[in-house]
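Residues per chain are reported as follows:
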Amino acid sequence: MSRLPQPVRLLLLAGSLWALATAGASAAEPLRIGSKRFTESYILAEVLAQAARPHAPVEVKPGLGNTAIVYEALRAGSIDLYPEYTGTIAREILKSEEPLTLEAMRARLAPLGLGVDVPLGFNDGYALALRADTAQRLGLRRLSDLAGQPALRLGLSNEFIGRADGWPGLARRYGLPQQPQGLDHGLAYDAIAQGQVDVIDIYTTDAKIDHLGLRVLADDAGHFPRYDAVLLYRVDVPQRFPAAWAALKRLEGRIGEPAMIAMNARAELQGVAFDVIAREHLAGTAGAATAAAGGGFWARLWGPDLARLAAQHVGLVLTSVALAVALGVPLALAVAPHAAARTTVLGVTGLLQTVPALALLAVLISLLGRIGTAPALVALTLYALLPIMRNTCTGLAEVPVGLKQAATALGLTAGQRLRAVELPLALPVIVAGVRTATTIAVGTATIAAFIGAGGFGERIVTGLALNDRGLLLAGALPAAALALLCEAAFEALERGLKRRRTKEP
């Protein structure tokens, strides 16, 4: 390590310091509350967090993804609880074909170390909806009416398309001939308003149903179960956090359907922050802080979360690139002299670049049994390997053969020749590879927010859920600025290396 070039050593040191700081950031174990990636789940997570926070340290992990990801995070202990729905627990988690009572769910969840409790007071079911003018023109009022309209364009969320209680079961029950296209739930309302799709899946407490004047089709065959909002939790939570759990229990029955629709509307139609909505609800002053709505693009860009997100994003980038350097440079040094090994290793690292980021994260979550920083760092490190290894091999190959022979003639061993001659001459090319890897990491690190690792992607993920272009930009612009700063830093470093080489005799 002591013989590595100084820029590489500094990068490794920075990444190590961030990793140590992250590992020791929290002395007291917090109550970790997760949420899925749609408006209502964000709001409920904030309500739960604010109710529990006076009694225990709380960490919110928002927007973790669909049911499968959040549930696996709960099973693995990455979160302690999250808001879920009885129909989802019965059909999607417990794979029951019949509705289950809370008692039956508790009995089936207990062997998994999980529990269900605290009915919050409202039902948020699945349904299909379409524009009122389309429904009127085609005479559509019930789901069974769709069977006679094969030309209708269905834009359904990817989770709904894949769920047992979603499209597969619905299509079988009603004999529906349509082939739906996958569409993010946050974008579906714009798509139907603009006439790009005819039918979308909705949650019955969505605020935009009435706002856009959509017609919800009646479930005349009773396919969908009730989706009463509850807490799904690890069974040791009441013992680990007794006061906080007692506070959460007091939320039972406190949120009716009108109240939940109103809270969703505050977020989606007025742009009020989730924490403000939760605070208003708990204080019984819902709607009083309309002035807090929106705040404008610049207020979002320079919001109070900017420093935290920047620290997380920079930390992910520095640590992943440092790990890639620590792994990639020695591996490249080992395979560079051997053509077959070099081709194989670079081919494998190149193949990793073709794996979609979200797919790689899903695989890593399964392998590591956890969400958050660890799988994000592994993914970012794997993506950063190729430019570092390729440039290391290229830089070594460009060292003149005559200089290598001269060093050997002077009695230098292979190791001495590498440290004294080859690595110094290859350093500019290696640094260029690290530069490329850093730029890739800055952009790719935005996906870390999908699994609770933070960074500027947190704003992007929330913006997608709300279809909020301002919030999307408030996450994308700082990431772009960070990439430009990294480029400027590496440009200055490369100029310094060139000046140093020209001064050498």
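Residues numbered from 1 in each chain as written. Predicted model: local features only at pLDDT ≥ 70, side-chain atom pairs only at ≥ 80, totals over all residues. Heavy atoms only, no water.

A complete count under the given rule lists ten aromatic pairs for this structure. Relative to Trp-245, the ring of Tyr-233 lies with its centre 4.5 Å away and its plane at 50°, an arrangement referred to as tilted. In this pair, Tyr-233 sits in strand E10 (residues 229–234) while Trp-245 sits in helix H12 (residues 242–249), placing the two residues twelve residues apart along the sequence. For the pair Tyr-233 and Trp-245, a shared accessibility class is recorded, and that class is buried. One aromatic cluster is present, formed by Phe-38, Tyr-85, Tyr-126, Phe-160, Tyr-203, Phe-224 and Tyr-227 through successive ring pairs. (Phe/Tyr/Trp six-rings, centres within 6.5 Å; stacked < 30°, edge-to-face > 60°. Helix = DSSP H or I, 4+ residues; strand = E, 2+ residues; numbered from the N terminus. Buried < 20%, exposed > 50% of the residue type's maximum accessible area, 1.4 Å probe, protein only.)

Before going further, it helps to spend a moment on a nonpolar patch on the surface. Nonpolar side chains collect at one region of the surface, where Val-363, Leu-367, Leu-368 and Val-378 lie side by side and expose about 350 Å² of accessible area between them. The element that contributes the greatest number of residues to the nonpolar patch is helix H18 (residues 357–368), accounting for three residues. With respect to the helices and strands, the residue Val-363 is situated in helix H18. Note on Val-363: relative accessible area 46%, which makes it partly exposed. (Patch = residues over 30% accessible without salt bridge, like charges linked within 9 Å, V, L, I, M, F, W, Y side chains within 5 Å. Areas by Shrake-Rupley, 256 points an atom, 1.4 Å probe, with all protein chains shown as cover. Salt bridge = Lys/Arg side-chain N within 4 Å of Asp/Glu carboxyl O.)

Time to look at the layout of surface pockets. Regions of empty space are outlined by a rolling probe, equal in size to a water molecule, passed over the atoms. Taken as a whole, the second largest pocket holds about 590 Å³ of empty space. Secondary structure elements with two or more residues in the lining of the second largest pocket: helix H3 (67–76), helix H7 (158–162), helix H9 (185–193) and H18. The biggest single contributor to the lining of the second largest pocket is H18, with five residues. (1 Å grid on protein atoms, 1.4 Å probe; cavity = no way out; pocket = protein on both sides within 12 Å on 5 of 7 lines; lining within 4 Å. Points joined across faces, edges and corners; volume = space filled by probe spheres on them.)

Attention now goes to helix H2 (residues 39–52). Its 14 residues give H2 an end-to-end C-alpha distance of 20 Å, which sits within 8% of 20 Å, the value for a rise of 1.5 Å per residue. With 14 of 14 residues buried, H2 lies mostly within the body of the structure. (Expected span 1.5 Å × (residues − 1).)

On to the nonpolar core. Note that soluble globular proteins tend to have their nonpolar side chains buried in a common cluster. Counting 131 residues, the largest nonpolar core has Leu-31, Leu-81, Ile-89, Leu-146, Leu-170, Leu-232 and Leu-248 as its most contacted members. A per-element tally of this core places helix H19 (residues 373–397) first, with eleven residues. Other than its neighbours up to four places away in sequence, Leu-31 contacts Ala-52, Pro-57, Val-58, Glu-59, Asp-80, Leu-81, Val-237, Phe-241, Ala-244 and Leu-248. Ala-127, Ala-129, Val-197 and Ile-209 belong to the second-largest nonpolar core, a separate cluster that totals twelve residues. (Core = buried A, V, L, I, M, F, W, Y, C linked by side-chain atoms within 4.5 Å. Contact = heavy atoms within 4.5 Å.)

Locating His-313 in the fold gives a position in helix H16 (residues 306–335). For His-313, a relative accessible area of 0% puts it in the buried group. Apart from the residues within four sequence positions on either side, His-313 is in contact with Val-442, Ala-445, Thr-446, Gly-455, Phe-456, Gly-457 and Leu-482.

Applying the stated rule across the entire model yields four cavities of 30 Å³ or more. Space inside the largest cavity adds up to approximately 110 Å³. Residue lining of the largest cavity: Lys-36, Phe-38, Thr-67, Tyr-85, Thr-88, Asp-124, Gly-125, Tyr-126, Glu-159, Arg-163, Tyr-203 and Tyr-227, and that is the complete set. Looking at the lining of the largest cavity, its residues break down into five nonpolar, three polar and four charged. (Nonpolar A, V, L, I, M, F, W, Y, C, P; charged D, E, K, R; others polar.)

Attention shifts here to the sheet that holds strand E6 (residues 154–156). With mixed pairing, the five strands of this open sheet are ordered in space as E7-E6-E8-E5-E9. Lying at the two open borders of the sheet, with one neighbouring strand each, are strand E7 (181–182) and strand E9 (214–216). Running at roughly 135° to strand E8 (residues 199–203), H9 makes contact with strand E5 (126–131), E8 and E9 of the sheet. (Pairing = 2+ DSSP bridges. Axes fitted to C-alpha atoms, helices over the stretch in contact; angles between N-to-C directions.)

Turning to its location among the elements, Glu-494 is positioned in helix H23 (residues 469–503). At 3.1 Å, the side chain of Glu-494 forms a polar contact with the side chain of Arg-435. Setting aside anything within four residues of it in sequence, one finds Glu-494 in contact with Val-431, Ala-432 and Arg-435. (Polar contact = N/O pair within 3.5 Å; in protein donor to acceptor, adjacent residues only side chain to side chain.)

Relative to each other, H19 and helix H21 (residues 414–444) sit at 150°, their axes nearing to 7 Å. In terms of orientation, H19 lies roughly antiparallel with respect to H21. Two packed elements cross with a definite hand, and for H19 against H21 that hand is right-handed. Classifying every residue of the contact of H19 with H21 by side-chain character gives 15 nonpolar, seven polar and one charged. (Parallel < 35°, antiparallel > 145°, perpendicular 65-115°, else oblique. Left-handed = near helix turned anticlockwise from the far one by under 90°.)

A few words now on the packing of H2 against helix H14 (residues 274–283). Packing of H2 against H14 brings their axes to within 8 Å, and their N-to-C directions diverge by 55°. The orientation of H2 relative to H14 falls into the category oblique. Between H2 and H14 lies a crossing whose hand is right-handed. From H2, Thr-39, Tyr-42, Ile-43, Glu-46, Val-47, Gln-50 and Ala-51 reach across to H14, where they touch Phe-274, Asp-275, Ile-277, Ala-278, Arg-279 and Leu-282. Residue composition of the contact of H2 with H14, grouped by class: eight nonpolar, two polar and three charged.

In this section: the pattern of salt bridges. Taken as a whole and assessed by the stated rule, the structure comprises 26 salt bridges. Glu-103 is the partner of Arg-106 in a salt bridge, and the nearest nitrogen-oxygen pair spans 3.8 Å. Note that Arg-106 and Glu-103 are positioned in helix H5 (residues 102–109) at a spacing of three residues, about one turn of the helix. With relative accessibility at 55%, the residue Glu-103 sits in the exposed group.

Let us look at unusual backbone geometry. The phi dihedral of Lys-95 is positive, around 60°, even though this residue is not glycine. Of note, Lys-95 is situated in the loop between helix H4 (86–93) and H5. One non-glycine residue, Val-118, adopts positive backbone phi at about 55°.

Our next topic: the confidence of the model for the protein chain. For the protein chain, per-residue confidence averages 89 on the pLDDT scale, and 91% of positions sit at 70 or higher. Mean pLDDT across the elements of the protein chain ranges from a minimum in helix H1 (residues 6–23), with 54, to a maximum in E10, with 98. Contacts for the low-pLDDT stretch residues 289–293, under 50 throughout, to residues beyond four places or in other chains number nine contacts. (pLDDT = per-residue confidence, 0-100.)

Right, let's talk about H12 for a bit. Residues Ala-244, Trp-245, Ala-247 and Leu-248 constitute the buried set of H12. Projection of H12 onto a plane perpendicular to its axis shows the buried side chains occupying an angular sector of 155°, all on one side. Packed against the buried residues of H12 are strand E1 (31–34), H2, strand E3 (81–85), strand E4 (114–117), E10 and helix H11 (237–240). (Arc of directions from axis to C-beta.)

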